[in-house]
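Below are the chains, spelled out letter by letter.
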Amino acid sequence: MCQRVRTLNHHITAWLRGLLTIAWADGEYNPEEQDLIAELIKDELGSNLNLGSLKPITGEELAAVLGRETSVAENFLRTGVIMALANGTYSEEEDRVLQEYCAALEPSSEVLDALKFLLITSENLPEQKRQALIEKLQKTFPDGDVLHPVRDWLDGLDINTPYLARFLCKMIPPQCPFERDIKLFGHKIVHIPPMCKLNPLYEQLVGLRFRALSYLADDCKEDISRYI
């Protein structure tokens with residue numbers, strides 16, 4: 001039992017270090033990110049561990065703990081993408097860390113192609129590579145819905161641990177946030193209005209939060225009133 005607890009704590013620590021590495025990548029570790037990670041540390045690892053004791057982690061180090069091509073590794077990548085976009089921006093530095101993690105943890109190439117198209121501005125890709133990527137995505141998704149693999153990828157998140165469920169409940173707001181501009185590498189690419197249903201990933205995020213709440217209440221018998 002003690003060995004199992006130590007293994008779980010090792011797993012959670014690596015997961016939190018990965019999220020911190022993403023949050024620190026662009027040099028803009030905002031108060032919301034700090035509060036979220038500090039809360040997760042307190043809830044999951046106990047108050048005896050402080051934020052400053054967690055150090056950045058490489059993709060290879062993360063893969064050594066979470067494994068390669070595993071559901072655990074892919075779930076981490078999903079939470080990493082959510083973390084990177086939490087402040088409404090997606091920087092080149094955050095992208096570099098996520099790409100390193102993707103290469104080490106080896107998710108499906110289909111999702112990688114879609115994320116690359118969505119999270120990197122077209123002017124940062126040579127025209128020939130950009131067109132080749134668009135053609136590949138069009139062949140994979142003839143209906144032109146490039147977001148389709150991202151929606152499926154998020155829907156595939158397996159909520160089977162309390163710390164993952166708590167992360168989702170804290171990261172995804174219970175009510176529609178204020179409008180915001182999504183910026184990639186300093187360029188505004190989309191404006192999300194106050195009506196969240198216009199957000200193309202709205203249903204996936206709401207669904208994830210509902211599943212996380214249900215898991216905590218039904219499977220873990222936790223009081224979820226603080227998340228509502």
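What you see is a predicted model; the values in this text were computed from it and never measured.

### Considerations on the pattern of salt bridges
Scanning all chains against the criterion turns up three salt bridges. Between Arg17 and Glu61 there is a salt bridge, with the nearest N and O atoms lying 4.0 Å from each other. Linking Arg17 in helix 1 (residues 2-25) with Glu61 in helix 3 (residues 59-66), this pair joins segments that are 44 residues apart in sequence. Close ionic contact of Glu222 with Arg166 constitutes a salt bridge, the shortest N to O distance being 2.4 Å. Taken together, the residues span a long stretch of sequence, with Glu222 in the segment after helix 10 (202-219) and Arg166 in helix 9 (residues 162-171) at a distance of 56 residues. Its relative accessible area of 22% is what places Glu222 among the partly exposed residues. In this structure Arg166 comes out as buried when scored by relative accessible area, which is 12%.

### Digging into the packing of helix 3 against helix 5 (residues 92-105)
Where helix 3 contacts helix 5, the axes come no closer than 8 Å and their chain directions differ by 45 degrees. Here helix 5 runs oblique to helix 3, going by the angle between their axes. Seen from above, helix 3 lies across helix 5 with right-handed handedness. For the pair formed by helix 3 and helix 5, the contact residues are Gly59, Glu60, Leu62 and Ala63 on the first element and Glu100, Tyr101, Ala104 and Leu105 on the second. Among the residues making up the contact of helix 3 with helix 5, the classes are represented as five nonpolar, one polar and two charged.

What counts and how
- Residues numbered from 1 in each chain as written.
- Predicted model: local features only at pLDDT ≥ 70, side-chain atom pairs only at ≥ 80, totals over all residues.
- Heavy atoms only, no water.
- Salt bridge = Lys/Arg side-chain N within 4 Å of Asp/Glu carboxyl O.
- Helix = DSSP H or I, 4+ residues; strand = E, 2+ residues; numbered from the N terminus.
- Buried < 20%, exposed > 50% of the residue type's maximum accessible area, 1.4 Å probe, protein only.
- Axes fitted to C-alpha atoms, helices over the stretch in contact; angles between N-to-C directions.
- Parallel < 35°, antiparallel > 145°, perpendicular 65-115°, else oblique.
- Left-handed = near helix turned anticlockwise from the far one by under 90°.
- Contact = heavy atoms within 4.5 Å.
- Nonpolar A, V, L, I, M, F, W, Y, C, P; charged D, E, K, R; others polar.

On their own, these measurements won't tell you what the molecule is for.
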